[in-house]
Amino acid sequence: MSQMINIALPKGRLGERVYGIFEAAGRGCPAVLEDSRKLFFEDEASRVRYFLAKPSDTHIYVERGAADIGVTGKDILLEYNPDVYELMDLGVGVCRVVVAAKKNFEDETDGALRVATKFANIARGYYDGRGREIDIIKLSGSIELAPMVGLSDVIVDIVETGRTLIDNGMEPMQTITDVSARLIANKVSYRFKHAEITALCEAIRRSMAK
Ligand code: PRP
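Looking at this structure, I do not really get the nonpolar core. What am I missing?
Membership of the largest hydrophobic core comes to 28 residues, with the highest contact counts inside it found for Phe-22, Tyr-50, Leu-90 and Leu-183. Every element with two or more residues in this core is listed here: β1 (5-10), α1 (13-24), β3 (48-53), β4 (69-73), β5 (85-89), β11 (181-185) and α8 (194-209). Considering each element in turn, this core owes the most residues, five residues, to α8. With near-sequence residues (within four places) excluded, Tyr-50 lies in contact with Ile-7, Leu-9, Tyr-19, Phe-22, Arg-27, Cys-29, Val-32, Leu-39, Phe-40 and Phe-41.

I keep staring at the side chain of Asp-75 and nothing clicks. Help me out?
Summarising the element assignment, Asp-75 is placed in helix α3 (residues 74-80). As a buried residue without a salt bridge, Asp-75 has its nearest oppositely charged side chain in Lys-118, at a separation of 6.9 Å. Among all residues touching Asp-75, those that are not within four sequence positions of it are Val-97, Phe-119, Ile-122, Ile-158 and Val-179.

Is there a simple way to explain the pattern of salt bridges in this structure?
Pairing between side chains becomes possible if they bear opposite charge and their charged atoms approach one another. Under the criterion given, the structure shown has twelve salt bridges. The partner of Lys-193 in a salt bridge is Asp-68, with the nearest N and O atoms 2.8 Å apart. Of this pair, Lys-193 sits in the loop between α7 (187-192) and α8 while Asp-68 sits in the loop between α2 (58-63) and β4, and the two are 125 residues apart along the sequence. Here the residues in one salt-bridge network are Lys-74, Glu-86, Asp-89 and Arg-182, joined through shared partners.

Is there a simple way to explain the packing of aromatic side chains in this structure?
Describing an aromatic ring pair means giving the distance of the ring centres and the angle of the ring planes. Counting across every chain of the model gives five aromatic pairs. When the ring of Tyr-19 is compared with that of Tyr-50, the centres are 5.6 Å apart and the planes differ by 75°; the resulting orientation is edge-to-face. Pair noted here: Tyr-19 is in helix α1 and Tyr-50 is in strand β3, with a separation of 31 residues, a long-range link. Considered together, Tyr-19 and Tyr-50 belong to a single accessibility category, that of buried residues. Taking 5.0 Å as the distance between ring centres and 85° as the angle between the ring planes, the aromatic pair formed by Tyr-126 and Tyr-127 counts as edge-to-face. By the burial criterion, Tyr-126 is buried, and Tyr-127 matches it.

Please explain helix α4 (residues 120-128) as it appears in this structure.
At 3.6 residues per turn, the α-helix brings residues three or four places apart onto the same side. Among the residues of α4, those classed as buried are Ala-120, Ile-122, Ala-123, Tyr-126 and Tyr-127. When α4 is viewed along its axis, its buried side chains cluster within an angular range of 165° and face the same direction. Where α4 is buried, its residues touch α3, β6 (95-102), β7 (113-117), β8 (134-138), β9 (154-159) and β10 (170-179).

Here is what the cut-offs are and how they apply
Counting restarts for each chain, with residues numbered from 1 along the sequence as it is written. Only residues with pLDDT of at least 70 get local features here, since the model is predicted, and only at 80 or more are side-chain atom pairs given and counted; chain-wide, interface and lining totals rely on the full set of residues. Side-chain descriptors were evaluated using all non-hydrogen atoms of the structure, hydrogens and water having been removed beforehand. We define the nonpolar core as a collection of buried residues of types Ala, Val, Leu, Ile, Met, Phe, Trp, Tyr and Cys that are connected through side-chain atoms lying within 4.5 Å of one another. Relative accessible area decides the class of each residue, using a 1.4 Å probe on protein chains only: under 20% of the type maximum gives buried, over 50% gives exposed, and in between gives partly exposed. The numbering of helices and of strands both runs from the N terminus, where a helix is a DSSP run of H or I of at least 4 residues and a strand a run of E of at least 2. In what follows, residue pairs with any heavy atoms lying within 4.5 Å of each other are defined as contacts. Only four residue types enter the tally: Lys and Arg on the positive side, Asp and Glu on the negative side; His and the chain ends are excluded. By convention in these notes, a salt bridge is any Lys or Arg side-chain nitrogen within 4 Å of a carboxyl oxygen on Asp or Glu. Put simply, two rings from Phe, Tyr or Trp (the six-membered ring, in Trp's case) pair if the centres are within 6.5 Å, and we call them stacked under 30 degrees between planes, edge-to-face over 60, tilted for the rest. Here, the arc refers to the directions that run from the helix axis to the C-beta atoms.

Read these as layout, nothing more, since geometry by itself doesn't imply function.
And the structure:
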């Protein structure tokens, strides 16, 4: 019998879409969709265990081997550069990492540009490449608030529909990169559960191609 695969899924809206991809690939575990606070699920027949982790944490479960594979955003991979294999673009959770500011903002300051963000490394890389001195203000959420209340000049953040920017009187200025959900694998698991992981990837590819 094939080995069980431990899969770290992002909790929430993206997780439900991603679970749908695994289910369509024959790795269903219906309890995942039940309305409960459970975070750990197992389906003997499908040979899978699902862990529901905070979206910004799934790569930690995979990098450390608690999960064999998992799903994370390309933004997280760029920011934290975890030691994992990136196996596949799942084509969901498509968004952009942008620089945004209050409408009509002009970068005319002589000193460091104040940049509020969850993505300190992405922001630093972007502005280093332009030779612009910045002061990073690391926040964990509601980044759009920062320029509105004078905490920062600009933000570097994720934009999906653009609604949060519009509702807060802001606009995107530059796109740094396009991002989407990626299937990642622990490097040791990829060797020792190679048959299981590659069969799952193939099943996902086939089902996505339908
Ligand atoms: C993300 C992101 C933006 C928002 C963009 O926040 O940081 O705030 O979504 O989406 P939109 O373009 O569709 O409006 P998230 O919902 O993850 O919450 P957070 O503010 O706590 O990070």
